[in-house]
Amino acid sequence: MIGKMKILVGLSWGVDSAVAAYLLKEQGHEVVAGFMKNYVSEEGNCTTYQDSIDAIKVAEYLWIEIRAYDLQKEYQEKIIDYIFEGYQRGITPNPDVLCNSLIKFDVFLQKALAEGFDKIATGHYAQILGPGEELRGKENTDSNSEFFHLLRGVDEIKDQSYFLSGLDQFQLSKSIFPLWAMRKSEVRDLAERIGLPNAKRRDSQWLCFIWNIPIREFLMKKLPPKSWAIKTLDGKKVWEHQGAYYFTIGQKQGLGLNFKAYVYRIDIAENTVYVCDKDAEELQSRECLLKDWHWIAEEYPVWSQLVGKIRYRQNPPVACEIIGKQWSDLQIRFQDPQWAVAPGQVFVLYDGEICLWGGIIS
């Protein structure tokens, strides 16, 4: 049982962070809400202003103070520039993972600590176990007693440990996830029961850094259209595109073809997009190479029954094994071939429910 603390809750417009703030207040903590303004578009489809209004309504309803944090400069430098650079190189970066490790649990966390808060909290569906706490399903935890561990949330569908795989020991030690033991349906029910003003607002289906702005429209702000060929496996030109860097491996939307096809290769140098059938071998991978992999807990014993995710909504994860390790490179072999493994995306490794680390697919 944790003692009473001063906690800054990252409060968005969503129901998850609102319920997290409510639960912490009910536990007797001194709770303050923090609204992060990360990205504002001049276009009419930017929701940041309305989101801030909804966050204020929640804070007023819960009778807690709310503070605004303008993180646009840091977001531009750490996230948006990286996104543009990645797509320009023909890879598909994952902004949500970076947003957590570099913005929410770094810049936002540091501001919270500087203002005298003990910890920050968010509405993520994941669990943090501290040093000495029992790891569920592990008989011997002596070698892990000094570390913090990140575990999946109870709700398998909403589990967000994938997006938190870039966190380190310090970040985990200063964070709380009040919703770890709840399912999304339970969170919704509680929100309605206590009368939260955003109880029925739908979840966002968009990436965190561009809100509801279509990805191609967003990229066009810095990567101008550059038309060239779409080709099939045999090299036949079947159509033209507006820029190879607008596409990702496995994509079928936006090709403009009169037949079903999926992107299996992107050649940035030649500005050419190659497509194939969904079941073609070119879209199947038995192995992947990872760069910049990051262990969450040092010296964790690598168990034999490892599973991993090449994308957030991959459920269940694929059985896999580590077959090579050199410097910052790690080679992974899948038990079954994986479809549309995209460079730039994050691969996350698990030992059962324990999130071990994440790495960038190269």
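As a reminder, the structure under discussion sits directly above these lines.
Residues numbered from 1 in each chain as written. Predicted model: local features only at pLDDT ≥ 70, side-chain atom pairs only at ≥ 80, totals over all residues. Heavy atoms only, no water.

In this structure the tally under the stated criterion is 15 aromatic pairs. With centroids separated by 4.4 Å and ring planes inclined at 40°, the aromatic side chains of phenylalanine 163 and tyrosine 312 adopt a geometry described as tilted. Here tyrosine 312 lies in the loop between strand E13 (306-309) and strand E14 (318-326) and phenylalanine 163 lies in the loop between strand E6 (149-152) and helix H5 (169-173), a separation of 149 residues in the sequence. Ring centres 5.1 Å apart and planes at 70° place the aromatic pair tyrosine 245 and tyrosine 246 in the edge-to-face group. Judged by relative accessible area, which is 10%, tyrosine 245 ranks as buried. You can call tyrosine 246 buried: its relative accessible area is 4%. Members of the aromatic cluster, connected to one another through ring pairs, are Trp293, Trp295, Phe334, Phe347 and Trp357. Seen from the ring of phenylalanine 117, lysine 6 lies directly overhead, with NZ or CZ sitting 4.8 Å from the centre. Sitting over the face of the ring of tryptophan 13, arginine 201 holds its NZ or CZ atom 3.9 Å from the ring centroid. (Phe/Tyr/Trp six-rings, centres within 6.5 Å; stacked < 30°, edge-to-face > 60°. Helix = DSSP H or I, 4+ residues; strand = E, 2+ residues; numbered from the N terminus. Buried < 20%, exposed > 50% of the residue type's maximum accessible area, 1.4 Å probe, protein only. Lys NZ or Arg CZ within 6 Å of the ring centre and 35° of its normal.)

A separate point is the nonpolar core. In terms of nonpolar packing, the biggest core is built from 63 residues, with Leu8, Leu150, Tyr162, Phe177, Leu255, Val273 and Val275 touching the most fellow members. Of all the elements in the fold, those that place two or more residues in this core are strand E2 (30-37), helix H3 (72-88), helix H4 (95-114), strand E5 (126-129), helix H7 (215-219), strand E10 (262-267), strand E11 (272-276) and strand E16 (346-351). Looking at this core element by element, the count peaks at 9 residues for H4. If we skip the residues at most four places from it in the chain, phenylalanine 177 touches Phe105, Thr122, His124, Ala126, Gln127, Ile128, Leu150, Leu164 and Leu167. Ranked by size, the runner-up nonpolar core spans 31 residues in total, among them Ala55, Leu62, Ile176 and Val187. (Core = buried A, V, L, I, M, F, W, Y, C linked by side-chain atoms within 4.5 Å. Contact = heavy atoms within 4.5 Å.)

Another aspect to go through is H4. Most pronounced at isoleucine 103, the bend in H4 amounts to some 25°. Its side-chain oxygen placed 3.2 Å from the backbone nitrogen of aspartate 96, asparagine 94 serves as the N-cap of H4. Phi turns positive one or two residues past the end of H4, at glycine 116, with a value near 90°. (Bend = angle between axes of the 7 residues up to and from the residue. Polar contact = N/O pair within 3.5 Å; in protein donor to acceptor, adjacent residues only side chain to side chain.)

Purely geometric stuff here, so don't read any function into it on its own.
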